[in-house]
Amino acid sequence: HRLWYKCNGLSLFIVAVVGYLLASYRGWIRGSYLADHFWRLFVTANVFAVVASVVIMALGRIRRSPKQWFVSRSLGEDFWLGAELNPHLMGVDIKFFSYRPAMIGWALGTVSFMWKHWEYHANGRIHLRMILYAVFTLGYILDYFVHEPLMTSTFDIIAEHFG
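Residues numbered from 1 in each chain as written. Predicted model: local features only at pLDDT ≥ 70, side-chain atom pairs only at ≥ 80, totals over all residues. Heavy atoms only, no water.

Colleague: Mind laying out the layout of surface pockets, listing which residues take part and the relevant values?
Modeller: A volume near 1,200 Å³ is recorded for the largest pocket. Taken together, 37 residues make up the lining of the largest pocket; nearest its centre are Ala-45, Phe-48, Ala-49, Pro-101 and Ala-102. Elements that contribute at least two residues to the lining of the largest pocket include exactly α2 (33–36), α3 (38–63), α4 (75–81), α5 (94–97) and α6 (99–120). Residue contributions to the lining of the largest pocket peak at 14 residues, all from α3. Reported here for the second largest pocket is a volume of approximately 190 Å³. Residue lining of the second largest pocket: Leu-3, Trp-4, Tyr-5, Lys-6, Asn-8, His-88, Gly-91, Val-92, Asp-93, Phe-96, Phe-97 and Arg-100, and that is the complete set. Of the residues belonging to the lining of the second largest pocket, the class tally is 6 nonpolar, 3 polar and 3 charged. (1 Å grid on protein atoms, 1.4 Å probe; cavity = no way out; pocket = protein on both sides within 12 Å on 5 of 7 lines; lining within 4 Å. Points joined across faces, edges and corners; volume = space filled by probe spheres on them. Helix = DSSP H or I, 4+ residues; strand = E, 2+ residues; numbered from the N terminus. Nonpolar A, V, L, I, M, F, W, Y, C, P; charged D, E, K, R; others polar.)

Laid out in C-alpha cells, this is it:
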C-alpha cells in the first residue's frame, strides 16, 4: 500500500531562498547570518535530531505491529535503523517531510556562506570555486525539488525504516 505525499517542496524552496535573499538585500537580516552562527545552528540541529530520533524510536516501538517484516531485538538497532517504516506525527509523514528542511537548510546555508565570502573580500569578488560550489549545490537541490514526485518511489521512502 503506497502512501500519498503532497509534493510542494519546490514552492517552499523558492520562497525560502528568494525570501532570504530579499531580506538580506533589504538589510532586514545579515546575508551571512547563517554562516556567522554556523556552530550554534549545527549543535542545535544535532541535539534536535538526536532527541527527535529517540522520540520517533520510542513511538515506533510502541506502535509496531508484530506482522512487520522487520522486527529488531535491540534499542540500538531500532535507533540506528529505525523502528517504524512510515512514522507519522500529527498527520505528517516524518520520513518524507524531513528531506525538506534538510535540503532547504542546505540551500540557505550555501547562500549564506556565499554572502559571507563576498563580504570577506572587500572588493566584492567571489572566487570561481565558491561560485561553482553554489551553482552545483543549488542546482542539485533545485533538481531534487523539481523531481520531488519521483522521490516518493525511491527505496528509502518505500522500504527503509526511518532511523
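More follows now that the structure is in view.
Colleague: Any details on a nonpolar patch on the surface? Residues and values, ideally.
Modeller: On the surface, Phe-38, Trp-39, Phe-42, Val-43, Val-47, Val-51, Val-55 and Phe-113 cluster together to form a nonpolar patch covering roughly 760 Å² of accessible area. Among the elements that make up the nonpolar patch, the one with the highest residue count is α3 (7 residues). Positionally, Phe-38 belongs in helix α3. Its relative accessible area of 32% is what places Phe-38 among the partly exposed residues. (Patch = residues over 30% accessible without salt bridge, like charges linked within 9 Å, V, L, I, M, F, W, Y side chains within 5 Å. Areas by Shrake-Rupley, 256 points an atom, 1.4 Å probe, with all protein chains shown as cover. Salt bridge = Lys/Arg side-chain N within 4 Å of Asp/Glu carboxyl O. Buried < 20%, exposed > 50% of the residue type's maximum accessible area, 1.4 Å probe, protein only.)

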